[in-house]
Amino acid sequence: MKKFIFVITILVSLNDAYCQSITASSLLELINKKSIKAKDYSVDAAIKVDLPFLKMLPINAKIYFKQKDKFKIVSKSISILPRQSFDQLTTLLQDPTSFSAMFQNSDTIGKVETKVVSIIPFSDTTDLILGRLWIDPISMLVFKSQLTTKSNGTILTEYFYGSQSEFGLPDKMIFTVDIKKFKIPKSVTIDINNSKPTKEVKDKKGKIFISLNNYLVNKGISDSVFDKKKE
């Protein structure tokens, strides 16, 4: 029993030493190496929107992605999906020369001790202003992100993993958005009782829930799938 406790203590000590020695940039590099294992994928998405003054039925969609930055959503309904937290973060991490990264602190999500990393883009022409990632340095998974953007304000995203964690692909995502700044497609019907939304409603937060099923990873996707002429 004493030998077992000794071995566990050594493993914990080694893990702590590893976490302390790794830099923010090298941690993001490892996250990127995990994500680029998925050269392409398609997945079924069930999207539920919970935004004040907005009534929408659940949306079914098909999502396609191909390295490095090809992304497409196919749906018979209007799709409300913040790309910044879905695929653009992956694209950003593929170019470590485009941003600086630094550790902020540690934070526990559920039972997981995560490292909080801040990302600041070097270019002021990008949509991203500031990013924060909550990363598990053991599994190399991002459990939460907070991205402040020019186009959609601040978007908080929670990630839940399962079937495709080896590629860093989540089974579920929850977006929390600023109603005041989040862009809603003009074609979406808004129930505001023929009056403008009040300031109280505009200042509220909204949520978008996405469940992802039936992943097909690295099966090959033709570039023609992303051809806008076929949309």
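Some words on the pattern of salt bridges
So, step 1. In this structure the tally under the stated criterion is four salt bridges.
So, step 2. Of the charged contacts, one joins aspartate 178 and lysine 205 as a salt bridge, the two residues approaching to 2.2 Å between their closest N and O atoms. One end of the pair, aspartate 178, is in strand β9 (residues 172–178); the other, lysine 205, is in strand β10 (residues 205–217), with 27 residues separating them in the sequence.
So, step 3. Look at aspartate 178 and you get buried, because its relative accessible area is 15%.

Considerations on the sheet that holds strand β4 (residues 99–109)
So, step 1. Pairing is antiparallel in the open sheet, where 10 strands are placed in the order β3-β2-β1-β10-β9-β8-β7-β6-β5-β4. Each having just a single partner strand, β3 (70–74) and β4 make up the two edges of the open sheet. The mean angle between the axes of side-by-side strands here comes to 20°, regardless of whether they run parallel or antiparallel.
So, step 2. By the bridge criterion, nine bridges tie strand β1 (residues 40–50) to β10 in an arrangement that is antiparallel. The partner of aspartate 44 across the bridge, within β10, is asparagine 213.
So, step 3. Those strands touched by helix α2 (residues 24–35) are β4, β5 (112–121), β6 (128–136) and β7 (141–149), and its axis lies near 85° from that of β4.

Cut-offs and rules
Residues numbered from 1 in each chain as written. Predicted model: local features only at pLDDT ≥ 70, side-chain atom pairs only at ≥ 80, totals over all residues. Heavy atoms only, no water. Salt bridge = Lys/Arg side-chain N within 4 Å of Asp/Glu carboxyl O. Helix = DSSP H or I, 4+ residues; strand = E, 2+ residues; numbered from the N terminus. Buried < 20%, exposed > 50% of the residue type's maximum accessible area, 1.4 Å probe, protein only. Pairing = 2+ DSSP bridges. Axes fitted to C-alpha atoms, helices over the stretch in contact; angles between N-to-C directions. Contact = heavy atoms within 4.5 Å.

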